[in-house]
Amino acid sequence: MTTEPIPAAPPRSPRLSRDTRLDLAAGGIVVVVYAIVQLALLLGPQPFDPAKYFDTAVEFPNVPRDYWTLRIGLIAPVRIAVLLFGPSGASLYGVPFALGLVLAGSVFGTMLLLFRERVLAAAAALVTSLNASYLLNSSFIFPDTAATATFAAAFLCLVLAARAAERGGGRAATVAVVSAGVLLGWTYLIREFSPILLPAVIAALVLLRYTWRRAALLAGAAIATASLELLYGWLRYGEAFVHAQTVLDRRDKPIREGRRRLMEQIQEQLDGPLDAVLVFPRLLLSWDTGWIFVMLVAVFAVGLVLFRDRRLWLLAAWFLGFWAVMAAFGLWRLPTGELIVNVTNIRYWYPIFPPLVMGAFGTVYLLVRTYAPSRGAWLLSPAIGAALAVTAVVP
C-alpha cells in the first residue's frame with residue numbers, strides 16, 4: 001500500500017490589519033464625501049481662463065504660443081480627456097474633479113502618516129478641499145488648483161519615501177522619491193511660479209533626513225520632468241526656451257486701462273510690508289467661514305511655540321515660506337506697474353491651505369495628547385477635528 005504525500009495548502013495571502021482596513025475606510029469616506037459635494041455644487045462653464053485652457057486642449061497642436069497655451073502640464077491632461085471623451089462636459093470637468101480627489105487624498109495620506117489619527121486626517125482633508133474659497137474655483141480648469149493638488153501629492157510622496165526608508169524598504173523608498181520628483185516637475189509645468197515652493201521641499205529633505213543620494217534622485221526626477229517644457233518648445237516652435245521668453249516678455253507688455261486701474265487700487269491697499277503680510281488674513285475674513293481659518297492660523301502658531309515637533313515644522317516651512325514669498329510679491333512691481341502675482345486674489349493662495357490645515361489639526365492632536373492624557377481623551381482630538389470640519393465646510 002503506497003501513500004501519496006498530502007499536497008501542501010497554498011499560502012494564504014496576508015490579511016490587512018484592522019487598523020489598515022479602518023484607514024482605508026476613512027480614506028474612502030473622504031473620497032466619496034468630496035465627490036458628492038463637488039458634484040452637487042458643480043458650477044457652470046466659465047468664459048475666461050478655463051475656457052482658454054479647454055479650447056487649447058481641443059485645438060492642440062494648432063495653437064498659438066502664449067502665456068496660457070505653454071502651460072503644458074495643465075493642457076496635457078485636459079487634452080487626454082478630450083481624446084477620451086471628446087469636447088464634452090466630461091472632459092471639461094473631469095480633470096478639475098480628479099485633481100480635487102488628488103488634493104483630498106494627499107492631505108488625508110500626509111496627515112495619517114504624520115499623526116496616525118484617521119478621523120483628524122479625514123477632517124483635515126475635507127476642510128482643505130471643500131472650504132468655500134476652494135470650491136469657488138474647483139469646478140474649473142485653473143493652474144492654481146491643479147498645481148496645489150500635484151504639490152500636495154509630491155509632499156505625500158516625500159513623507160512616504162522617508163517612512164519606507166526608515167523601515168528598510170529601499171525599493172519602495174526609491175519609487176516614492178522618483179514619484180515625488182516627477183510630481184514636483186509637473187507642478188512647474190502647470191504653474192511657472194511654482195518654484196517659490198522650493199524652500200518647503202528643501203526643509204522637508206532636511207527634516208525628513210534624506211540622504212544625499214535620495215535628494216539627488218529627487219532633483220534628477222524633478223529636473224527631467226520640468227525639462228519636458230524645453231523639449232516641447234524645441235519640437236513645436238523651434239525654441240527650447242519659448243515659455244521662459246514668453247513669461248519675460250510680459251514685463252514690458254502694456255496693460256489695459258481697466259487692468260491699470262485695478263493695479264492702482266491694489267497698490268493703495270499695499271502701503272508697506274505689514275499690509276503685504278496681512279493680505280492673507282484679510283482675504284480669509286472676506287468669507288463667511290474665513291474666521292475659522294484665521295483661528296487655524298492662531299492654533300498652528302501656538303503649536304509652533306509650545307512644541308519642538310519636527311512634524312509641525314515640516315508643515316510650517318511650507319506654510320510660512322509660501323506666505324513670505326507672496327508677501328514679497330505684493331511689494332514688487334513690474335515696470336508696467338503690474339504685480340507679478342495678484343496677491344489679492346484668493347486663488348493664488350491655494351497652496352497655503354494644505355499646510356495650514358494640517359499644521360493646525362496636528363497641533364490639536366499634540367495639545368490633546370500633552371494636556372489631556374486622561375482616559376477618554378483619545379476621543380477628544382477626533383471630536384474637535386470633526387467639529388472644525390463641519391463648521392468650516394457646512395455653510
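Residues numbered from 1 in each chain as written. Predicted model: local features only at pLDDT ≥ 70, side-chain atom pairs only at ≥ 80, totals over all residues. Heavy atoms only, no water.

1. So, the packing of aromatic side chains
Two descriptors summarise a pair of aromatic rings, namely the distance from one centre to the other and the angle between the planes of the rings.
Phase 1: Applying the stated criterion to the full structure yields 19 aromatic pairs.
Phase 2: Ring centres of Tyr-232 and Tyr-237 lie 6.0 Å apart, and the angle between their planes is 85°; this geometry places the pair in the edge-to-face category. Considered together, Tyr-232 and Tyr-237 belong to a single accessibility category, that of buried residues.
Phase 3: Taking 4.9 Å as the distance between ring centres and 20° as the angle between the ring planes, the aromatic pair formed by Phe-280 and Trp-349 counts as stacked. (Phe/Tyr/Trp six-rings, centres within 6.5 Å; stacked < 30°, edge-to-face > 60°. Buried < 20%, exposed > 50% of the residue type's maximum accessible area, 1.4 Å probe, protein only.)

2. Quick word on the packing of helix H16 (residues 290-306) against helix H18 (residues 353-371)
Phase 1: Two elements in contact, H16 and H18, have axes separated by 8 Å at closest approach and are oriented at 55°. Put simply, H16 runs oblique to H18. Regarding H16 and H18, the two cross each other, and that crossing is left-handed. Along its contact with H16, which presents Phe-293, Leu-296, Val-297, Val-299, Phe-300, Gly-303 and Leu-306, the element H18 presents Phe-353, Pro-355, Leu-356, Val-357, Gly-359, Ala-360, Phe-361, Thr-363, Val-364, Leu-367 and Tyr-371.
Phase 2: Residue composition of the contact of H16 with H18, by class: 15 nonpolar, 3 polar and no charged. (Axes fitted to C-alpha atoms, helices over the stretch in contact; angles between N-to-C directions. Helix = DSSP H or I, 4+ residues; strand = E, 2+ residues; numbered from the N terminus. Parallel < 35°, antiparallel > 145°, perpendicular 65-115°, else oblique. Left-handed = near helix turned anticlockwise from the far one by under 90°. Contact = heavy atoms within 4.5 Å. Nonpolar A, V, L, I, M, F, W, Y, C, P; charged D, E, K, R; others polar.)

3. Considerations on the pattern of salt bridges
Oppositely charged side chains are able to pair whenever their charged atoms sit close together.
Phase 1: In this structure the tally under the stated criterion is 11 salt bridges.
Phase 2: Measuring nitrogen to oxygen at the nearest pair gives 3.6 Å for the salt bridge that ties Arg-118 to Asp-19. Within this pair, whereas Arg-118 is found in helix H5 (residues 118-130), its partner Asp-19 is found in helix H1 (residues 18-40), the two being separated by 99 residues in sequence.
Phase 3: Residue Arg-118 is classed as partly exposed on the basis of its relative accessible area, which comes to 23%.
Phase 4: For Asp-19, a relative accessible area of 42% translates into the label partly exposed.
Phase 5: The salt bridge partner of Lys-52 is Asp-66, with a shortest N-O separation of 3.1 Å. Here Asp-66 lies in the loop between helix H2 (49-59) and helix H3 (72-85) and Lys-52 lies in helix H2, a separation of 14 residues in the sequence.
Phase 6: Each member of the salt-bridge network shares a partner with another, and the members are Arg-71, Asp-144, Arg-191, Glu-192 and Arg-347. (Salt bridge = Lys/Arg side-chain N within 4 Å of Asp/Glu carboxyl O.)

4. A few points about H3
Phase 1: Helix length check: H3, at 14 residues, gives a terminal C-alpha distance of 19 Å against a target of 20 Å (1.5 Å per residue), a fit within 8%.
Phase 2: Buried-residue contacts for H3 involve H2, helix H4 (89-115), helix H7 (143-166), helix H8 (170-190) and helix H11 (228-237).
Phase 3: A positive phi of about 80° marks Gly-86, the residue just after H3. (Expected span 1.5 Å × (residues − 1).)

In short, geometric facts, not functional conclusions.
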